[in-house]
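Letter by letter, the chains look like this.
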Amino acid sequence: MGDLLAAIIRPPLDPIKVIFLVPPAVLLLLSLICALYSLALFLLVDMDKGLPTVPGRHFLLGHMHLIGKTDQFANRLAEWSKSLKVPAFTFYLPGFSRRYVTLTSLEAIAEVHRLRPFKVVRAQAVLGDIAPGLFAAEGGTWRSERKIISPAFNHSNVSSFLPSLRATALRLSAQLRRAGPGPVPINAVCKRFAADVTAMAAFGEDFGSIEKESRETEDLAAALAIVFYRQHAGPFKYWKVPIFRDLLSHYRWEKDTLDRLDVLVGGIVDDFQKDPTRAKRAGTILSKMVELNTTEGEEGRMSRRRLIGNVITLFVAGTDTTSITITWMIYFISLDADLQDRLRAEAFAFDFEALQSGGERMDAVLRNLPVMHAVVLETLRTRGSVGQIAFMASEKVRAVGREWEPNTKFMCLYDYAMTEGEDAEKVFGPNPGKFDVERWLGPEDRMKKASKLLSFGNGARICPGRDLAKIEAVVAVSTMLKEFKSLRLEPGHAKVERVQQATIAPSTDIRVIFED
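Throughout what follows, the structure given in this document is the object of discussion. What you are looking at is a predicted structure, and each value in this text was computed from that prediction instead of being measured.

Definitions and cut-offs
- Throughout this document, residue positions are counted from 1 along each chain, in the order its sequence is written.
- Reporting in this predicted model follows two pLDDT cut-offs: at least 70 for local features of residues, and 80 or more for side-chain atom pairs to be given and counted; totals over whole chains, interfaces and linings ignore these cut-offs and use all residues.
- Excluded from the side-chain calculations are hydrogens and water; all other atoms, namely the structure's heavy atoms, are used.
- For Phe, Tyr and Trp, where Trp contributes only its six-membered ring, two rings pair if their centres lie within 6.5 Å, and the inter-plane angle classes them as stacked under 30 degrees, edge-to-face over 60, or tilted in between.
- Elements are defined by DSSP. Helices are runs of H or I of four residues or more, strands are runs of E of two residues or more, and each kind is numbered from the N terminus.
- For the exposure calls, accessible area comes from a 1.4 Å probe over protein chains only, and a residue counts as buried if that area is under 20% of its type's maximum, exposed if over 50%, partly exposed in between.
- Between the N-to-C directions of two axes lies an angle of 0 to 180 degrees, each axis being a line fitted to C-alpha atoms and, for a helix, fitted only over the stretch in contact.
- Orientation categories follow fixed angle ranges, with anything under 35 degrees roughly parallel, anything over 145 roughly antiparallel, 65 to 115 roughly perpendicular, and all other angles oblique.
- Each crossing gets its hand from how the near helix is turned against the far one by less than a right angle, where anticlockwise is left-handed and clockwise is right-handed.
- In this description, contact between two residues means that some pair of their heavy atoms is separated by no more than 4.5 Å.
- Classification used: nonpolar for Ala, Val, Leu, Ile, Met, Phe, Trp, Tyr, Cys and Pro, charged for Asp, Glu, Lys and Arg, polar for all others including Gly.
- Think of a 1 Å grid over the protein atoms and nothing else: a 1.4 Å probe that fits but is trapped marks a cavity, an open set flanked by protein within 12 Å on at least five of seven lines marks a pocket, and residues with an atom within 4 Å of a point count as lining.
- Grid points are joined across faces, edges and corners, and a volume is the space filled by probe spheres set on the points.
- Any helix carries an expected span of 1.5 Å times its number of residues minus one.
- Throughout, the arc means that of the directions going from the helix axis to the C-beta atoms.
- Any Lys or Arg side-chain nitrogen found within 4 Å of a carboxyl oxygen on Asp or Glu counts as a salt bridge.
- Here a strand pair is declared whenever DSSP counts at least two bridges between the two strands.

### Description of the packing of aromatic side chains
Working step 1: The tally for this structure, following the rule as stated, stands at twelve aromatic pairs.
Working step 2: With centroids separated by 5.4 Å and ring planes inclined at 85°, the aromatic side chains of Trp328 and Tyr331 adopt a geometry described as edge-to-face. Of this pair, Trp328 and Tyr331 both sit in helix α16 (residues 304-335), three residues apart, which is roughly one turn of that helix. No difference in accessibility class separates Trp328 from Tyr331, as the two residues are buried.

Below is the structure:
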């Protein structure tokens with residue numbers, strides 16, 4: 001799957017051929033208008049309101065020429081933050097007024113979060129174009145869909161998934177054993193594990209992709225690639241221009257992929273609506289959503305399209321973010337033999353049989369596996385898969401000591417704020433840039449720290465699937481440590497950096513030796 005994702009992340013679009021399809025006179029006129037407008041803004045308008053701006057801004061390109069490859073976007077933001085050492089600064093992307101007020105401290109980000117969900121909205125929710133649902137919804141649509149979707153992720157419902165989660169975790173360990181005894185690249189198999197868990201929890205289907213790549217997970221990877229490509233397409237949303245987009249072979253590939261995913265999920269949704277009480281599927285997230293959607297008044301109900309969109313969002317976003325967290329957890333555990341020993345002792349002391357028989361609740365699992373829970377929290381803090389999110393003011397707002405006009409864009413740097421922001425040490429303890437599970441195991445109030453964790457968002461718009469993601473990671477890695485005597489990186493393992501894709505992922509395959 002890693003090779004597949006690498007191949008489709010650079011789709012077959014030749015921008016030079018596309019440019020030659022536009023009449024030269026039209027292209028010249030558009031270029032001139034863009035240049036003059038950008039130059040006027042550059043020279044005449046004080047848009048930064050006294051905030052420092054990243055040096056080297058070009059009047060037409062903004063700071064895009066300093067970013068370089070799009071997979072380095074998150075790393076450049078972190079470099080600028082370290083260099084400027086302020087809680088807020090501005091940078092620019094190409095296009096009309098594409099200024100971003102960039103927030104690097106926990107308190108500055110909290111100010112923007114407090115303005116959610118109505119005064120501040122998402123600046124660019126590309127996933128909403130692909131799968132319209134709660135993730136990208138705003139205003140009244142968000143309020144009504146939240147009432148339908150959030151109860152499907154409550155503790156009782158998540159706890160009901162534990163037996164199938166444990167069974168799937170055992171399949172993951174068995175697949176790792178088959179792939180050994182040498183170093184095993186874990187990125188792809190963790191993604192397939194997360195896809196199988198998500199499918200089982202969402203609609204009671206086992207794709208069986210842990211053992212063998214499935215078409216469903218191929219389409220999942222392709223959908224993520226499309227999100228990534230569209231996020232970095234610049235100010236021109238080619239997929240919304242009917243005549244132009246049809247000229248692009250890349251768009252036709254996108255459409256075929258998304259249509260296939262839509263047919264797959266649409267068929268499952270229709271099946272549920274016809275017979276939502278089938279024993280195999282009773283209690284799944286989709287069955288709960290269908291049940292609640294039926295009992296809502298006519299105005300509060302989701303359309304079939306949005307019901308499908310919410311399931312695709314769960315499948316696409318949930319699989320990617322959780323698999324990245326599990327991958328980084330295995331990486332950190334493989335580097336620390338003492339931590340690994342503590343976690344293995346904890347896993348052997350836990351009654352997994354009760355878990356498999358359905359006799360445990362989610363909160364009890366986390367309480368009885370405290371060190372593993374701490375590993376999850378610390379991984380989310382230091383290696384979150386959503387490093388930054390862009391928001392936009394829908395009306396005049398006040399933030400970082402200034403008044404901002406409607407349409408002002410805020411770039412919230414979650415990762416940087418939690419590890420290197422000016423108030424990170426005050427919230428998370430000494431050396432916040434260091435991976436240290438002890439900060440979650442001391443006498444301090446864990447819940448108070450967890451409330452500042454930004455990996456799932458915060459406030460009213462916090463991710464409804466966060467508990468499922470955490471328990472999935474805890475059970476998967478605890479099962480792995482009980483099944484194997486030792487986890488270690490292959491000798492001479494390459495340094496693992498982070499790169500921007502649809503989310504922020506490891507820069508290379510993490511290769512681990514699983515020793516029986």
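### What about the packing of helix α10 (residues 162-179) against helix α11 (residues 186-203)?
Working step 1: Running from N to C, α10 and α11 point in directions that differ by 160°, and their axes come no closer than 10 Å. The angle between α10 and α11 falls in the class roughly antiparallel. Crossing handedness for the pair α10 and α11: right-handed. Here Ser164, Leu165, Thr168, Ala169, Arg171, Leu172, Gln175 and Leu176 of α10 come into contact with α11, specifically with Val189, Phe193, Asp196, Val197 and Met200.
Working step 2: Grouping the amino acids of the contact of α10 with α11 by side-chain chemistry returns eight nonpolar, three polar and two charged.

### Here we look at the layout of surface pockets
Working step 1: By volume, the second largest pocket amounts to about 620 Å³.
Working step 2: In terms of lining residues, the second largest pocket is bounded by 23 residues, among which Asn75, Ala78, Lys82, Glu420 and Arg498 are the most central.
Working step 3: Elements with a minimum of two residues in the lining of the second largest pocket: α5 (73-84), α16 and α21 (414-419).
Working step 4: The class makeup of the residues in the lining of the second largest pocket is nine nonpolar, six polar and eight charged.

### Let's talk about α5
Working step 1: Here α5 spans 17 Å end to end across twelve residues, near enough to the 16 Å set by a 1.5 Å rise per residue.
Working step 2: Buried residues of α5: Phe73, Ala74, Arg76, Leu77, Trp80 and Ser81, and no others. Down the axis, α5 shows its buried residues gathered within 160° of arc, on one side only.
Working step 3: A positive phi of about 55° marks Lys85, the residue just after α5.

### Brief notes about the pattern of salt bridges
Any two side chains of opposite charge can pair, given that their charged atoms come close.
Working step 1: Tallied over the full model, the rule gives 23 salt bridges.
Working step 2: Where Glu420 meets Lys82, a salt bridge forms, and the shortest distance between an N and an O atom there is 3.6 Å. Of this pair, Glu420 sits in the loop between α21 and α22 (424-428) while Lys82 sits in helix α5, placing them 338 residues apart in sequence.
Working step 3: With a shortest N-O distance of 2.8 Å, Arg381 and Glu378 are connected by a salt bridge.

### What to know about helix α20 (residues 370-382)
Working step 1: With 13 residues, α20 extends 18 Å between its outermost C-alpha atoms, agreeing within 8% with the 18 Å of an ideal straight helix rising 1.5 Å per residue.
Working step 2: Burial analysis of α20 places twelve of its 13 residues in the buried class, the great majority of the element.

### Structural notes on the pairing of strand β8 (residues 409-413)
Working step 1: Within β8, five of the five residues are buried, which leaves the element mostly enclosed by the surrounding structure.
Working step 2: Burial along β8 is two-sided: the face carrying Lys409, Met411 and Leu413 and the face carrying Phe410 and Cys412 are both buried.
Working step 3: The pairing of strand β2 (residues 99-103) with β8 spans four bridges and is parallel. Bridging across to β8, Leu103 finds its partner in Cys412.
Working step 4: Alignment of strand β5 (residues 388-393) against β8, held across five bridges, turns out to be antiparallel. Across the sheet, the residue bridging to Met392 is Lys409, located in β8.

### Some remarks on the sheet that holds strand β12 (residues 511-515)
Working step 1: Across the sheet, which stays open at both edges, the three strands sit in the order β4-β12-β9 with antiparallel pairing between neighbours. The open sheet has two edge strands, β4 (184-185) and β9 (486-489), and neither has a second partner.
Working step 2: Across four bridges, β9 lies against β12 in antiparallel orientation. Within β12, the residue paired with Leu489 across the bridge is Val512.
Working step 3: Helix-sheet contacts for α16 involve β9 and β12, and the interaxial angle to β9 is about 95°.

### With respect to the environment of Asp423
Working step 1: Relative to the assigned elements, Asp423 resides in the loop between α21 and α22.
Working step 2: Considering only alpha carbons, one finds Asp423 and Ser105, 318 residues apart in sequence, at a separation of 6.2 Å.
Working step 3: Sequence-distant contacts of Asp423, that is, excluding residues within four places in its chain, are made with Ser105, Leu106 and Glu107.

### Observations regarding empty space enclosed by the protein
Working step 1: Using the criterion set out here, one finds two cavities of 30 Å³ or more in the structure.
Working step 2: Considering only enclosed or pocket space, the second largest cavity measures out at about 50 Å³ in volume.
Working step 3: The wall of the second largest cavity is formed by Phe161, Ser164, Leu165, Thr168, Val197, Met200, Ala201 and Leu468.
Working step 4: Where the lining of the second largest cavity is concerned, the elements lending two or more residues are α10 and α11.

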